Amino acid sequence: MPQVTPRSQWGSRFAFMMAVTGAAVGLGNIWKFPYMVGQNGGAIFFILYLIGMAMVGIPTLMAEVLLGKLGRQNAVGTWQTLAVRYGASRYWQGIGFLGMFALVMILGFYSVVAGWSVAYVVQSGRGLFQSASIAEIQAFWDAFLRSPADLLLWHSAFMILTLSVVALGVREGIERVAKYLTPALFLMLIFLVVYNVCTVDMGESATFLLAPDWSKVNRSMVLAAIGQDLFTLAVGAGAMLVYGSYLAPKTTIGGSILVVAALDALVALLAGFAIFPIVFSHGLSPAAGPDLMFKVLPIAFSEMAGGRWIGVCFFGLLLFAAWTSSISMAEPLVAFLVERLQLRRAYAALCVGALSWSVGIIALLSFNVWVDVHIFNWGIFQLITDIPTNICLPIGAFAVAVFAGWRVKAADAQAGMGLGRVAFSLWRFLIRWVAPGAIASIFIAGLLL
Ligand code: PHE
């Protein structure tokens, strides 16, 4: 049976909300969401994403935080305890292990991409993109990706940044950083949108992001939107469960999670309004894919007045968003090592860092040395990103929904949630029927597509 050690708690509801918002708002919102919108026909994708968030993402996020709050341990310990409490099979703890496997992988590739943003903050600040030609900017990006040493340097720097915060602890590290970085991120994003409003025409972007063309809906778009909901709300890997486990017993979660989800969607929308006006006003393509931020935006920065500092702000925003999310990936792993193996926190952070750093090295080599290596049809980077996000997260989220909906006693769920009668019944309906059904269908369809 797991050892229950005296555990840290969030200092306030605000601290909890900032930490959870920081975990949710990440590369998924600022890097991935805009290029997915770009590739999936604009507003229609955004609407599907909002519907998926309301029907699947939010109920499942509430459920995951609830499980953590009821279990009050690392993910494996929580699943074990709750399985015993509610008379379920002990195999549910497998979900805790699966989540940790996903987190090691996600943290690995995340740190590589976040490393790009650290590099671009520095290069923008040094004026590298100032009056550079399009060819020069694109050549810089291509050469950067082809250099394992450069990628390794920035990946390592980011990993150190993340783990040093986690090593300091929940109150002293995570809470302190989240309380400053998350609001700072909002300010930077708002500044960038206001800058756009003042300098370029927003009309085309507003149409692109807000006026849906229903004739364009297709099945893969629906799947992509729900997948993005799970990833952006960070459900299914146990990160939110562990953040929930640091809540004071009397704190209720329903209202806070609604606010967090609204902030998360707002950031995605604002990121769209920060990026697309620049893309459109410079005649660039919104469907550029994962390269959008690094290969396309610097072209615009090179052409605009003060573009150097706008670039620093942009990539700094990406860095802050990635930082608070990667902290939430490392913490569950560290909590597991500390609570299960009684390791010292700093030492546990070092072990977690070493593991994910190694995964990151495999990821970064796939852009150069192993660029031609394919396993079946997948490139290595794609395997490292897709296995955890498209396979582990949906399985984890499905399990959370089923367990919270069908195993946890309604009275316990209601006490933890603190929602009114109608809202609670709605949550319970969504978590028992809609969320598992939707997640199972995206999962199965994803395997078949
Ligand atoms: N929500 C984060 C993002 O949008 C990613 C994440 C996934 C964070 C899983 C924690 C756990 O980028």
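Residues numbered from 1 in each chain as written. Predicted model: local features only at pLDDT ≥ 70, side-chain atom pairs only at ≥ 80, totals over all residues. Heavy atoms only, no water.

Chemist: Summarise the layout of surface pockets; cite the residues concerned and give the values.
Modeler: The computed volume of the largest pocket comes to approximately 1,300 Å³. Lining the largest pocket are 38 residues, and of these Q382, T385, D386, T389 and N390 lie nearest its centre. Of all elements in the fold, only α2 (27-39), α5 (93-125), α6 (134-146), α10 (219-232), α16 (380-407) and α18 (421-448) reach the threshold of two or more residues within the lining of the largest pocket. Among the residues forming the lining of the largest pocket, the class breakdown is 25 nonpolar, 10 polar and 3 charged. (1 Å grid on protein atoms, 1.4 Å probe; cavity = no way out; pocket = protein on both sides within 12 Å on 5 of 7 lines; lining within 4 Å. Points joined across faces, edges and corners; volume = space filled by probe spheres on them. Helix = DSSP H or I, 4+ residues; strand = E, 2+ residues; numbered from the N terminus. Nonpolar A, V, L, I, M, F, W, Y, C, P; charged D, E, K, R; others polar.)

Chemist: Before we move on, could you go through the nonpolar core and cite the residues and values that matter?
Modeler: Generally speaking, nonpolar side chains in soluble globular proteins are found buried as a group. Core analysis: the largest hydrophobic core is formed by 175 residues, its most contacted members being W116, M293, F314 and W427. Examining the composition of this core, we find that 18 residues originate from one element, helix α14 (residues 307-341), more than from any other. (Core = buried A, V, L, I, M, F, W, Y, C linked by side-chain atoms within 4.5 Å. Buried < 20%, exposed > 50% of the residue type's maximum accessible area, 1.4 Å probe, protein only.)

Chemist: A description of the site of the ligand should follow, citing residues and the corresponding values.
Modeler: Around the ligand there are 14 residues in total, and A24, G28, Y110, F231 and T232 lie nearest to it. Here a nitrogen atom of the ligand and a backbone polar atom of F231 are 2.9 Å apart. Protein coverage of the free-state accessible area of the ligand, which is 320 Å², stands at 100%. Counting atoms within 2 Å of the grid points, the majority share of the ligand lands in the largest cavity. Where the shell around the ligand is concerned, the elements lending two or more residues are α1 (13-24), α2, α5, α10 and α14. Residues of the shell around the ligand, tallied by class, amount to 8 nonpolar, 6 polar and no charged. (Near = heavy atom within 4 Å. Polar contact = N/O pair within 3.5 Å; in protein donor to acceptor, adjacent residues only side chain to side chain. Areas by Shrake-Rupley, 256 points an atom, 1.4 Å probe, with all protein chains shown as cover. Sits in = over half its atoms within 2 Å of the grid points.)

Chemist: Just give me the short version of the environment of R428, but keep the residues and values in it.
Modeler: As for its position among the elements, R428 is in helix α18. For the pair R428 and A401, spaced 27 residues apart in sequence, the C-alpha to C-alpha distance is 9.6 Å. Apart from residues lying up to four places away in sequence, R428 is in contact with A404, G405, V408 and A410. (Contact = heavy atoms within 4.5 Å.)

Chemist: Tell me about α1, residues and numbers included.
Modeler: Helix length check: α1, at 12 residues, gives a terminal C-alpha distance of 16 Å against a target of 16 Å (1.5 Å per residue), a fit within 8%. Burial analysis of α1 places 10 of its 12 residues in the buried class, which makes it a mostly covered element. Of all the residues in α1, the buried ones are A15, F16, M17, M18, A19, V20, T21, G22, A23 and A24. (Expected span 1.5 Å × (residues − 1).)

Chemist: Let's hear about the pattern of salt bridges: which residues, and what values?
Modeler: As enumerated under the stated definition, the model contains 6 salt bridges in all. The salt bridge involving E339 is made with R7; its shortest N-O contact spans 2.8 Å. Within this pair, whereas E339 is found in helix α14, its partner R7 is found in the segment before α1, the two being separated by 332 residues in sequence. Of the charged contacts, one joins R171 and E175 as a salt bridge, the two residues approaching to 3.9 Å between their closest N and O atoms. You can see R171 and its partner E175 sitting in helix α8 (residues 170-199), 4 residues apart, about one turn around the helix. (Salt bridge = Lys/Arg side-chain N within 4 Å of Asp/Glu carboxyl O.)

Chemist: I'd like a description of the packing of α2 against α5, backed by residues and values.
Modeler: The contact between α2 and α5 brings their axes to 12 Å, and the two run at 75 degrees. Considered as vectors, α2 and α5 are oriented roughly perpendicular to each other. Only Y110, V113 and A114 of α5 make contact with α2, whose side of the interface consists of L27, G28 and W31. (Axes fitted to C-alpha atoms, helices over the stretch in contact; angles between N-to-C directions. Parallel < 35°, antiparallel > 145°, perpendicular 65-115°, else oblique.)

Chemist: How would you sum up empty space enclosed by the protein? Please name residues and give values.
Modeler: This structure, assessed with the given rule, holds 2 cavities of 30 Å³ or more. Its volume calculated, the largest cavity comes out at about 160 Å³. Around the largest cavity sit 19 residues that line it, and A23, I106, F231, A234 and M329 are the ones nearest its centre. At the level of elements, α1, α2, α5, α10 and α14 are the ones that each hand at least two residues to the lining of the largest cavity. The residue makeup of the lining of the largest cavity, split by class, is 13 nonpolar, 6 polar and no charged. Lining the second largest cavity, in full, are E64, A75, W79, I95, G96, G99, G236, A237, G238, L241 and V400. Residue assignment for the lining of the second largest cavity shows that the elements contributing at least two residues are α4 (75-85) and α5. Residues belonging to the lining of the second largest cavity are distributed by class as follows: 6 nonpolar, 4 polar and 1 charged.

Chemist: Lay out the packing of aromatic side chains in plain terms, naming residues and giving numbers.
Modeler: Applying the stated criterion across every chain, the model contains 39 aromatic pairs. Here F376 and W378 contribute two aromatic rings whose centre-to-centre distance is 6.4 Å and whose plane-to-plane angle is 90 degrees, an arrangement assigned as edge-to-face. A relative accessible area of 39% means that W378 is categorised as partly exposed. Note that K32 overlies the ring of F231, its terminal NZ or CZ placed 4.7 Å from the centroid. The aromatic ring of Y91 is capped on one face by R90, whose charged end is 5.2 Å from the ring centroid. (Phe/Tyr/Trp six-rings, centres within 6.5 Å; stacked < 30°, edge-to-face > 60°. Lys NZ or Arg CZ within 6 Å of the ring centre and 35° of its normal.)

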